[in-house]
Amino acid sequence: MVIRFLFSAAALGFATWVVPGISMRDSEPQNAVMGILLVAIIFGVVNALVKPLFVFASAPLLLLTLGLFLLVINSLLLWLTSWIADQLNLGWHVDGFWSAFWGALMVSVVSFILNSSFISKSEVNR
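The structure displayed is predicted, hence computed values, not measured ones.

1. Considering a nonpolar patch on the surface
A cluster of nonpolar side chains, namely Met34, Leu38, Ile41, Val45 and Leu49, defines an oily patch on the protein surface of about 460 Å² accessible area. For Ile41, the location among the structural elements is in helix α2 (residues 29-49).

Below is the structure:
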């Protein structure tokens, strides 16, 4: 679980670095890392609590689009995470929906690659 959290934090950090509309206000490395770790905690809580509600409410649309609407849901959750981080003055910000969209896509791809590369098959089967 800790490894998956660190992978999620790494994916958020990578998206912050690559996607133009996602930014971290603090430029000091130790503060930026701590900020990304706190944002990863918020992102994990938002995904655990809010995502099931969004998926349930949009189930017909998910079926109609063969699951592609999950990209929109993930974008909205990343944007919500940004709003919460702004309220807590963490210095991490997503500019708009399209930045959130590309950031969510980047976080999904990087998390998938890290999880599939470094987590053993025996841990997946547990």
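2. Regarding helix α1 (residues 2-18)
Taking 1.5 Å of rise per residue, the 17 residues of α1 would be expected to cover 24 Å, and the 24 Å separating its terminal C-alpha atoms lies within 8% of that figure. If you check which residues of α1 are buried, you get Phe7, Ser8, Ala9, Ala11, Leu12, Ala15 and Thr16. Packed against the buried residues of α1 are β1 (22-24), α2, α5 (69-87), β2 (92-94) and α6 (97-118).

3. Quick look at α2
Its 21 residues place the ends of α2 30 Å apart at the C-alpha level, agreeing with the 30 Å of an ideal helix rising 1.5 Å per residue. Of all the residues in α2, the buried ones are Ala32, Gly35, Ile36, Val39, Ala40, Ile42, Phe43 and Val46. In the core, the buried residues of α2 are packed alongside α1, β1, α3 (51-57), α5, β2 and α6.

4. Describing the packing of aromatic side chains
Throughout the structure, instances matching the rule amount to 7 aromatic pairs. Here the aromatic rings of Phe14 and Trp17 are separated by 5.9 Å at their centres, their planes lie at 65°, and the arrangement is edge-to-face. Taken together, the residues Phe14 and Trp17, both in helix α1 and 3 residues apart, mark about one turn of the helix. Trp17 sits in the exposed class, given a relative accessible area of 69%. Between Phe97 and Phe101, the ring centres sit 6.3 Å apart and the planes meet at 35°, which makes this aromatic pair tilted. In this pair, Phe97 and Phe101 are both assigned in helix α6, 4 residues apart and thus about one turn of the helix distant. Residue Phe101 is classed as buried on the basis of its relative accessible area, which comes to 15%. Of the aromatic side chains, those joined through ring pairs into one cluster are Trp79, Phe97, Trp98, Phe101 and Trp102.

5. Here we look at unusual backbone geometry
In most cases, non-glycine residues show a negative phi, while peptide bonds are predominantly trans. Phi is positive for Leu66, close to 55°, though the residue is something other than glycine. Among the secondary structure elements, Leu66 is positioned in the loop between α4 (59-64) and α5. Backbone geometry places Asn89, a non-glycine residue, at a positive phi of 55°. Relative to the helices and strands, Asn89 is located in the loop between α5 and β2. Asn89 gets classed as exposed once you look at its relative accessible area, which sits at 59%.

Cut-off values and rules
- Residues numbered from 1 in each chain as written.
- Predicted model: local features only at pLDDT ≥ 70, side-chain atom pairs only at ≥ 80, totals over all residues.
- Heavy atoms only, no water.
- Patch = residues over 30% accessible without salt bridge, like charges linked within 9 Å, V, L, I, M, F, W, Y side chains within 5 Å.
- Areas by Shrake-Rupley, 256 points an atom, 1.4 Å probe, with all protein chains shown as cover.
- Salt bridge = Lys/Arg side-chain N within 4 Å of Asp/Glu carboxyl O.
- Helix = DSSP H or I, 4+ residues; strand = E, 2+ residues; numbered from the N terminus.
- Expected span 1.5 Å × (residues − 1).
- Buried < 20%, exposed > 50% of the residue type's maximum accessible area, 1.4 Å probe, protein only.
- Contact = heavy atoms within 4.5 Å.
- Phe/Tyr/Trp six-rings, centres within 6.5 Å; stacked < 30°, edge-to-face > 60°.

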